[in-house]
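Summary of the model geometry
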Amino acid sequence: MVITKTRSPIRSNVGLKAVMAVTGILLVLFLIVHMLGNLKIFTGETSFDHYAHWLRDLGTPLLPTTWYLWIQRTILTVAVLAHIGAATVLAMRARAARPVAYAHRRKIHVNYAARTMRWGGVIILLFVIYHILDLTTGHLNPQGDPANPYGNVVADFAPERWYVTLFYTLAIVTLGFHLRHGAASAFRSLGQQTPKGERRARAAALVFAVVLCAGYLVVPFAVLTGLVA
Amino acid sequence: MNLTLRIWRQTGPEDKGRMVTYPVPDVSPDMSFLEMLDVLNERLILDGEEPVAFDHDCREGICGACSLMINGEAHGPQRGTTACQLHMRQFSDGDTIDIEPWRARAFPVIKDLVVNRNAFDKIIAAGGYVTAPTGSAPEAHSTPVPKDDADAAFSSAACIGCGACVAACPNGSGMLFTAAKVTQLSLLPQGQPERYTRVIGMVDAHDEAGFGGCTNIGECTSACPKGIPLNTIGRLNRDYLKATTKRAGTPGS
Amino acid sequence: MDLYTEGDPIADTRAPDGPVETRWDRHRFEMKLVNPANRRKLTVIVVGTGLAGGSAAATLAEQGYHVKSYCYQDSPRRAHSIAAQGGINAAKNYRNDGDSVHRLFYDTVKGGDFRSRESNVHRLAEVSVNIIDQCVAQGVPFAREYGGLLDTRSFGGAQVQRTFYARGQTGQQLLLGAYQALERQIGLGNVEMNARHEMLELVVVDGRARGIVVRDMVTGEISTEMADAVVLASGGYGNVFYLSTNAKGCNVTASWRAHRKGAYFANPCYTQIHPTCIPVSGDHQSKLTLMSESLRNDGRVWVPKAKGDDRGPRDIPEDERDYYLERIYPSFGNLVPRDIASRAAKNVCDEGRGVGPTGLGVYLDFADAIDRLGRKAIEAKYGNLFEMYERITGEDPYEVPMRIYPAVHYTMGGLWVDYDLQSTVPGLFVIGEANFSDHGANRLGASALMQGLADGYFVLPSTLANYLAANPMEKVDASHPEAVAARTDVEDRITRLLAINGDRTVDSFHRELGQIMWEHCGMERSDAGLRKAIAEIRALREQFWQRVRVPGDGEGLNQSLEKAGRVADFFELAELMCVDALHREESCGGHFRAEYQTPDGEAQRDDDRFAYVAAWEYTGTGEPVLHKEDLTFEYVHPSQRSYK
């Protein structure tokens with residue numbers, strides 16, 4: 001067969017999956033760095049605030065102050081939009097691919113994580129919006145002092161604001177599930193093709209999801225239990 | 001044993017269709033699932049009703065014609081078994097069994113449980129072959145093929161094209177079918193010259209037919225009566241992504 | 001005899017002479033060719049998409065002809081060639097074990113019990129080597145050795161390892177190779193594929209096959225398709241027995257309609273019965289499943305010594321068992337050829353010593369083999385077969401012996417064709433199992449795939465070109481009176497079937513017909529039995545046309561209507577089979593007449609009287625005319641088979 005003109009590969013189902021995989025990996029890299037940053041809260045208020053300020057100066061003097069941060073934010077925003085965009089197109093195609101539903105449909109036996117990718121993704125998105133308004137812009141934070149991120153975090157997860165901690169926990173656990181399927185899936189989408197590799201990818205994704213969950217959850221629970229005050 | 005069947009009845013492509021309940025008494029556990037339907041149909045004919053149309057041919061699990069969603073599972077509850085080799089001893093007296101056709105936009109219902117799977121043929125026509133016109137073949141032993149590659153190619157080639165993967169997939173994706181052929185041919189030296197045009201052509205035909213995309217869930221593999229492995233899809237993805245970097249008309253790209 | 005008349009002998013006028021090994025080459029050179037530029041103006045209809053039809057359609061399209069292909073299945077990939085398990089023979093001699101084209105030729109003529117043509121069989125053996133090359137080039141994943149070269153195994157009737165295979169799914173892999181080549185041509189627009197279409201009539205114009213009438217099984221539309229030549233690759237007629245290892249849809253309609261239009265039907269009584277099938281479990285049984293013959297390498301066949309012994313197999317002590325194959329055939333034991341093993345099983349069951357709920361079964365016991373080799377070894381060898389057996393019967397063959405019984409598997413007879421595979425209707429070519437040409441009275445294992453592909457890939461494309469080049473034809477269209485008449489016949493027949501509205505289903509008639517055929521025209525035939533069968537078939541056929549109920553209408557998918565048309569044709573074929581079996585007063589290959597056996601119960605051929613092909617002409621009066629084609633053997637001299 002001679003291929004003279006093909007559809008744009010990026011619009012194909014396989015192409016869209018590759019977009020999701022690449023953007024997903026970018027976001028995961030950010031999550032790792034972000035988690036490590038969060039954990040600095042255990043080194044004390046001064047150190048944590050210093051780290052937060054340092055982020056704004058990152059890249060100087062090559063770049064003006066906060067430029068690096070904006071570049072990173074732009075990349076992450078594009079990645080999030082592309083990730084969601086591709087997911088939406090795929091979800092719509094999937095829906096269109098089965099116009100008449102089964103009258104009797106047995107539950108998917110494979111795994112819970114795979115089944116909750118789409119709704120999980122929505123929950124995570126809502127959380128991210130809240131999270132930015134809370135701890136980045138400070139609008140929804142009870143303290144909202146840009147000069148004192150440590151204080152903001154402590155105020156945020158105060159025991160009487162248990163519902164914030166609950167929402168945070170829910171979002172992080174959802175993220176864990178999302179990553180458990182997503183991380184292994186990303187490798188598959190990018191061409192992982194051996195049974196052994198698949199077992200490794202699944203195991204790695206599980207360990208990674210658990211570590212990331214723990215790393216993120218330890219902060220609010222430390223505040224809740226008074227370990228960080 | 002006595003069973004209650006709820007079967008999807010649809011007089012034609014335009015009909016909306018509905019589930020209809022039929023009691024089926026005196027089912028022998030030694031009957032195959034399709035023989036149980038034969039018995040029902042014999043009775044329906046004598047009662048002056050239309051028998052249930054369903055696809056079947058070889059009845060030994062290899063032609064891929066049978067295509068029944070049984071209690072929400074493609075080919076029914078027994079793994080690695082097509083509906084024609086499923087036997088009634090897998091069910092118990094008093095069971096209610098729901099029988100539906102494959103459901104996918106790319107597999108429109110023709111009548112009752114019969115669907116049109118022509119989309120699969122189109123995917124093959126778009127590249128699922130090696131161009132080797134009759135008479136042009138070199139001596140069979142001129143190209144040895146490592147045994148592992150030949151065995152792996154066979155495992156993918158075992159696909160019977162029944163469409164259970166599509167029926168089971170929450171996205172209505174035909175990726176496992178497509179990937180099985182891509183993998184078979186890309187593992188063999190004879191498949192190399194067309195390796196990258198093949199995968200682009202087949203994936204395009206797949207998408208065009210209205211199948212959904214793969215989200216690596218694995219329902220297809222667990223429904224597949226021939227156990228085609230999920231990692232064939234990884235190989236398809238790899239070949240596809242590599243193919244996008246090659247430009248038509250640029251040798252060696 | 002009153003059942004037929006004898007006409008003039010028939011001869012294969014296209015058969016070349018000279019040394020047998022040069023015939024095909026010389027013939028190919030002498031045949032006319034069609035200029036590539038003219039090929040696209042020529043249309044060829046191919047009915048059936050199995051190994052023969054699929055490979056022929058793809059090859060003709062590659063050569064530039066305009067091909068119209070038809071199959072009753074929903075996809076050309078599903079034809080029943082797909083179910084062949086064992087393998088495909090080819091005289092490659094990769095094993096260096098003494099194989100050669102001549103040996104394959106010799107084995108096939110002898111295996112066919114000296115009832116096939118030497119020229120045809122030699123050509124088949126020559127072409128066999130090209131088939132393997134072709135299939136490997138298509139990416140067929142044959143089994144290979146660690147060195148990367150093709151593996152082969154041995155098969156019944158041969159002392160060399162010449163059988164190429166792809167696990168237990170060789171037919172599937174070869175068919176998919178041909179199917180993919182066909183799909184490529186469909187994609188290129190060279191083949192017009194019509195799946196879910198059934199051929200219901202042949203159109204003959206001025207004595208030549210010029211088209212077919214087909215029914216679109218989805219819309220019910222009847223259409224007349226015209227062409228310059230018609231190729232039938234519509235398979236065998238084993239389903240006349242209702243229960244067989246054929247697919248449910250396999251039928252004789254295309255061949256039978258052609259027969260009614262003038263194509264002679266050759267040797268219809270030659271049917272192959274396979275000894276190792278899973279027995280019938282009840283009246284609901286719809287088809288039989290083959291268990292690979294290889295099981296007889298390690299399993300021991302037995303029945304209880306006493307009649308009506310209904311103890312479980314494990315409760316019957318060793319000295320009360322009759323290992324009858326080992327007893328009667330001490331030198332070959334459980335490995336006697338298919339026909340002998342089948343008949344022996346029938347005999348012990350007829351004595352009332354059969355096992356299982358129906359009494360129609362014998363044990364195939366692996367207990368000794370498991371003791372000797374260990375369960376692991378048996379699992380490695382036969383694991384998937386044992387699984388399949390358990391899936392179907394619910395019994396674990398590691399614990400209780402398998403039950404097996406013979407079943408109809410392949411039909412050697414078919415439409416008569418000459419060396420060019422052309423029938424007695426000019427322009428009508430017949431390939432694969434649908435013709436009669438290469439297997440004589442018995443087909444060797446792994447030879448069906450070889451013949452289908454030899455015909456489709458290599459023989460037909462050459463001989464068809466010769467016909468088209470030698471016979472320039474006027475275009476005719478569907479409005480030609482002959483075409484209109486054929487179409488009207490089809491429509492009338494459908495109307496008639498739908499109008500009966502009786503009180504019996506098509507399947508009930510088919511089942512009853514099958515029982516008559518199995519009883520009297522199955523493994524063992526006799527004069528009295530066949531006469532009785534003919535009377536019963538006639539009576540039943542009359543009943544059919546009065547009492548069958550075909551629900552629904554002709555518009556749209558109507559599976560009962562499809563079956564009714566096929567069964568109506570099976571009735572006519574069944575009668576001809578019985579007549580053929582009755583007239584052949586000898587036993588040979590798949591045809592065993594009770595009256596013609598040696599004192600120790602073996603088949604007794606009568607070469608003086610019956611070394612001919614029986615080609616039957618349809619007359620419309622119910623009394624067929626027999627034309628004899630004499631067979632001569634210059635290279636392989638007839639001898640009696642013995643397996644004691």
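Being a predicted model, the structure only gives us computed values, none of them experimental. (Residues numbered from 1 in each chain as written. Chains lettered and ligands numbered in written order. Predicted model: local features only at pLDDT ≥ 70, side-chain atom pairs only at ≥ 80, totals over all residues.)

1. Comments concerning the overall build of chain A
For chain A, the count of helices and strands is eight helices and zero strands. Ordered by position from N to C terminus, the α and β elements of chain A give α-α-α-α-α-α-α-α. Across its three principal axes, chain A shows a C-alpha extent of roughly 65 × 50 × 35 Å. Residue pairs at least 24 apart in sequence account for 66% of intrachain contacts in chain A once pairs closer than 6 positions are excluded. (Helix = DSSP H or I, 4+ residues; strand = E, 2+ residues; numbered from the N terminus. Contact = placed C-beta atoms within 7 Å.)

2. Comments concerning the interface of chain A and chain B
Counting residues at the interface gives 40 residues for chain A and 45 residues for chain B. Elements supplying a minimum of two residues to the side of chain A that touches chain B: helix H1 (13-39), helix H3 (67-97), helix H7 (162-189) and helix H8 (195-224) of chain A. For the side of chain A that touches chain B, the residue count by class is 20 nonpolar, twelve polar and eight charged. (Nonpolar A, V, L, I, M, F, W, Y, C, P; charged D, E, K, R; others polar.)

3. Things to note about the domain arrangement of chain B
Residue and element names in this part refer to chain B. Entries for chain B in the domain assignment read domain 1 (3-111) and domain 2 (117-244). A separation of 29 Å is found between the C-alpha centroids of domain 1 and domain 2. Taken together, the contact pairs 18 residues of domain 1 with 18 residues of domain 2. (Domains from an automatic or database assignment.)

4. Things to note about helix H2 (residues 118-125) of chain B
In an α-helix, one turn spans 3.6 residues; hence positions three or four apart end up facing the same way. Of all eight residues making up H2 of chain B, six are buried, and the element is well covered by its neighbours. Listed in full, the buried residues belonging to H2 of chain B are Ala119, Phe120, Asp121, Ile123, Ile124 and Ala125 of chain B. Lining the buried residues of H2 of chain B we find helix H5 (175-187) and helix H6 (195-208) of chain B together with helix H6 (170-187) of chain C. Immediately beyond the C-terminal end of H2 of chain B, within one or two residues, lies glycine 127 of chain B, with a positive phi of roughly 150 degrees. (Buried ≥ 20, exposed ≤ 12 C-beta atoms within 10 Å, placed from the backbone.)

5. Points about the sheet that holds strand S18 (residues 414-415) of chain C
All names here are of chain C. The strand order across the open sheet built from five strands is S1-S21-S20-S12-S18, with neighbouring strands paired in mixed fashion. In the strand order of this sheet, the two ends are held by strand S1 (5-6) and S18, each with one partner. As judged from the six bridges shared by strand S20 (residues 612-617) and strand S21 (residues 625-630), these two strands associate in the antiparallel manner. Looking across to S21, one finds that tyrosine 612 is bridged to aspartate 630. On the sheet, helix H16 (residues 559-583) packs against strand S12 (265-266), S20 and S21 and is oriented at approximately 145 degrees with respect to S20. (Pairing = 2+ DSSP bridges. Axes fitted to C-alpha atoms, helices over the stretch in contact; angles between N-to-C directions.)

6. Examining the interface of chain C and chain B
When the parts come together, some accessible area is lost, and that loss is often what is quoted as the size of the interface. On the side of chain B, 64 residues touch chain C, which itself brings 60 residues to the contact. Elements supplying a minimum of two residues to the side of chain C that touches chain B: helix H3 (51-63), helix H5 (118-137), H6, helix H11 (375-393) and H16 of chain C. Per element, the largest residue contribution to the side of chain C that touches chain B is nine residues, and it comes from H6 of chain C. Tallied by class, residues from the side of chain C that touches chain B come to 19 nonpolar, 26 polar and 15 charged.

7. Examining the nonpolar core
Residue and element names in this part refer to chain C. Counting 322 residues, the largest nonpolar core has Val44, Val231, Leu232, Leu415 and Cys578 as the members making the most contacts within it. With 14 residues, the top contributor of residues to this core is H16. Look past the residues within four positions of leucine 232 in its chain and what remains in contact with it is Val47, Gly48, Ala254, Ser255, Ala258, Leu415, Leu428, Val430 and Ala434. (Core = buried A, V, L, I, M, F, W, Y, C linked by C-beta atoms within 7 Å.)

8. Focus: the confidence of the model for chain B
Per-residue confidence for chain B gives a mean pLDDT of 95; residues scoring 70 or more make up 97%. Of the two predicted TM-score estimates for the complex, the pTM is 0.95 and the ipTM is 0.97. (pLDDT = per-residue confidence, 0-100.)

9. What to know about the arrangement of the chains
Most contacts, among the two pairs of chains that meet, fall between chains B and C. The two units chain A and chain C are non-contacting; their minimal C-alpha-C-alpha distance is 8 Å.

10. Details of the packing of H2 of chain B against H6 of chain C
Put simply, H2 of chain B and H6 of chain C touch, their axes get as near as 8 Å, and they point 85 degrees apart. The angle between H2 of chain B and H6 of chain C places the two elements in the roughly perpendicular class. Packed against H2 of chain B, whose contacting residues are Asp121, Ile124 and Ala125 of chain B, the element H6 of chain C presents Gln180, Glu183, Arg184, Ile186 and Gly187 of chain C at the interface. Of the residues belonging to the contact of H2 of chain B with H6 of chain C, the class tally is three nonpolar, two polar and three charged. (Parallel < 35°, antiparallel > 145°, perpendicular 65-115°, else oblique.)

11. Considering the sheet that holds strand S2 (residues 43-47) of chain C
All names here are of chain C. Strand order across the open sheet formed by five strands is S7-S3-S2-S11-S19, with parallel pairing between neighbours. The outermost strands of the open sheet, each flanked by one partner alone, are strand S7 (191-194) and strand S19 (428-430). Across this sheet, the average inter-strand angle for adjacent strands is 20 degrees, counted without regard to direction. Sheet topology places S2 next to strand S11 (residues 229-232); four bridges connect them, and they run parallel.

12. Examining the pairing of strand S3 (residues 66-70) of chain C
Residues and elements named next belong to chain C. Extensive coverage of S3 is indicated by the burial of four of its five residues. In terms of strand pairing, S2 meets S3 through five bridges, oriented parallel. Bridged to valine 44 within S3 is valine 67. With respect to chirality, the unit in which S2 leads through H3 into the neighbouring parallel S3 is right-handed. Pairing of S3 with S7, which is carried by four bridges, proceeds in the parallel orientation. Across the sheet, residue tyrosine 70 finds its bridge partner in S7, namely asparagine 194. (Right-handed = clockwise from strand over helix to strand, strands pointing away.)

13. Topic: the pairing of strand S16 (residues 362-365) of chain C
Residue and element names in this part refer to chain C. A two-sided burial pattern is seen for S16, the buried positions comprising Val362 and Leu364 on one face and Tyr363 and Asp365 on the other. Taken together, the three bridges between strand S14 (residues 300-304) and S16 define a ladder with antiparallel strand orientation. Opposite valine 301, over in S16, you have leucine 364 as the bridge partner. Pairing between S16 and strand S17 (residues 402-411): three bridges, direction antiparallel. Bridging across to S17, tyrosine 363 finds its partner in arginine 403.

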